[in-house]
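# Observations on chain architecture
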Amino acid sequence: MKKASLLSLAVLLAAITPTQAVDQLSSWNDSAPKQAIVAFVEKVTKEGAATFVPVPERIAVFDNDGTLWAEEPVFFQAYFMESAIKAQASEHPEWKTQEPFASVLAGKIANVLGDDAAGAGKILAAVHARMTTDEFAETVRRWASTARHPQTGKLFTEMVYQPMLELMAYLRTNGFKTYIVSGGGIEFIRAWSERVYGVPPEQVIGSYGKLSYRVKDGVPTLFKEPEMAHFNDTVGKPVGIQTFIGRRPIAAFGNSDGDYGMLEWVTSGLGPRLGLYVHHDDAEREYAYDRDSPLAKLSKGLDDAPAKGWIINSMKRDWKKIYPLVTIPRGPLPLLQRSTRY
């Protein structure tokens, strides 16, 4: 490009005011949730203001299932777990009559997930057992690159919420660190979180099992053991946050009563705080469920949100779009390759 052209471009860019810049939350309607988010970010980033929050303390935590991507008719990790259990079934004939494996093999994995932490823990432990952490990550990446949702036909990693992708990017441009805090498996999410969300593996907190260190064929190796160490749901989420981050975040986003403890703990701290529930009320573009959901009930959160100052974000009313405007890149990528998409 010629120097004159570069100069012209620089002058043009300099003339663009912030109000003329592209809206980073363009998939959000200009309703109360978006206005509250923008007002909160302006408060905590305004230097010299009493509400200013230093960059190291700008931490936002996001639930995953139902908050960042869809979760119906069952949690998406369940499909991965089902495929892994079926692949290992020939080595475990006892699973045909042993629960929760018998239900999984019969195609009824939804029956053993829901609120059954013990059943989910047994399945997670069995799926992870005897694998190295690298082997497990590669298995997940292969699954994520081809597995499709049984109802939409989309790749599971394409069923992420465009407004939430924009929100995470918006927060990061304003000095926030964004963490995923999920009841799902930590190693499962870490295998693709950077490619899909722009969240590196070290900023993922989830349920996890024990690891062991051994030298295999002369190579130092970490193995996944068939024993749960931490179930990162409900009251386990604040525990996981403190364990992995060591700071109380100032913003939290969830979609069910499983996130209640996280929102309650985060928003009870001093200074500006933001708590938001994604309310699934759009049966036409996604799904509609809340109080009666056997999978991800939102009842106590709906009742207590007004008194606690939490935002109820209606997918139907407050979001222009649900899924990404462009397709998420397909195929597994190296773990160390940084995503710049969001």
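Residues numbered from 1 in each chain as written. Predicted model: local features only at pLDDT ≥ 70, side-chain atom pairs only at ≥ 80, totals over all residues. Heavy atoms only, no water.

## Some remarks on the packing of aromatic side chains
What characterises a pair of aromatic rings is the spacing of the ring centres plus the angle enclosed by the ring planes. Scanning the model with the defined rule gives 20 aromatic pairs in all. Considering the side-chain rings of phenylalanine 188 and tryptophan 192, the 6.0 Å spacing of their centres and the 85 degrees angle between planes classify their relative orientation as edge-to-face. On the accessibility criterion, tryptophan 192 (2% relative accessible area) is buried. A centroid spacing of 5.2 Å and a plane angle of 80 degrees characterise the contact between tyrosine 260 and tryptophan 310, whose relative ring orientation is edge-to-face. With tyrosine 260 in helix α11 (residues 260-267) and tryptophan 310 in the loop between α12 (300-308) and β7 (311-314), the pair connects residues that are 50 residues apart, well separated along the chain. Assigned by exposure class, tyrosine 260 and tryptophan 310 land together as buried. Three or more aromatic residues joined by ring pairs form one cluster here, namely Trp69, Phe76, Tyr79, Phe80, Phe136, Trp143, Phe156, Phe188, Trp192 and Tyr197. The side chain of arginine 214 reaches across the aromatic face of phenylalanine 223, ending 3.8 Å from its centre. Sitting above the plane of the phenylalanine 136 ring, lysine 224 keeps its charged end 4.9 Å from the centroid. (Phe/Tyr/Trp six-rings, centres within 6.5 Å; stacked < 30°, edge-to-face > 60°. Buried < 20%, exposed > 50% of the residue type's maximum accessible area, 1.4 Å probe, protein only. Helix = DSSP H or I, 4+ residues; strand = E, 2+ residues; numbered from the N terminus. Lys NZ or Arg CZ within 6 Å of the ring centre and 35° of its normal.)

## Brief notes about helix α6 (residues 133-146)
Between its first and last C-alpha atoms α6 spans 21 Å; for 14 residues at 1.5 Å apiece the expected length is 20 Å, and the two agree. Residues Thr133, Phe136, Ala137, Val140, Arg141, Trp143, Ala144 and Ser145 constitute the buried set of α6. (Expected span 1.5 Å × (residues − 1).)

## Quick word on the layout of surface pockets
Put simply, the second largest pocket is a space of about 220 Å³. Mapped onto the lining of the second largest pocket, the elements with two or more residues apiece are α3 (76-88) and α5 (117-128). By residue number, the principal contributor to the lining of the second largest pocket is α3, which donates 5 residues. In terms of residue class, the lining of the second largest pocket is built from 7 nonpolar, 3 polar and 2 charged. (1 Å grid on protein atoms, 1.4 Å probe; cavity = no way out; pocket = protein on both sides within 12 Å on 5 of 7 lines; lining within 4 Å. Points joined across faces, edges and corners; volume = space filled by probe spheres on them. Nonpolar A, V, L, I, M, F, W, Y, C, P; charged D, E, K, R; others polar.)

## Focus: helix α2 (residues 32-45)
The terminal C-alpha atoms of α2 lie 20 Å apart, and with 14 residues this matches the ideal 20 Å at 1.5 Å per residue to within 8%. Within α2, burial applies to Pro33, Lys34, Ile37, Phe40, Val41 and Val44. Burial along α2 is one-sided: seen end-on, the buried residues are contained in an arc of 130 degrees. Exposed and facing more than 90 degrees away from the buried side of α2 are Ala32 and Glu42. On the buried face of α2, the contacting elements are α7 (162-173), β5 (251-254), β6 (274-279), β7 and α13 (315-318). (Arc of directions from axis to C-beta. Contact = heavy atoms within 4.5 Å.)

## Structural notes on the pairing of β6
With 6 of 6 residues buried, β6 is to be regarded as a mostly interior element. Burial along β6 is two-sided: the residues Leu274, Leu276 and Val278 and Gly275, Tyr277 and His279 are all buried. As judged from the 4 bridges shared by β5 and β6, these two strands associate in the parallel manner. Looking across to β6, one finds that phenylalanine 253 is bridged to leucine 276. Between the parallel pair β5 and β6, the chain is carried across by α11, and the sense of this crossover is right-handed. (Pairing = 2+ DSSP bridges. Right-handed = clockwise from strand over helix to strand, strands pointing away.)

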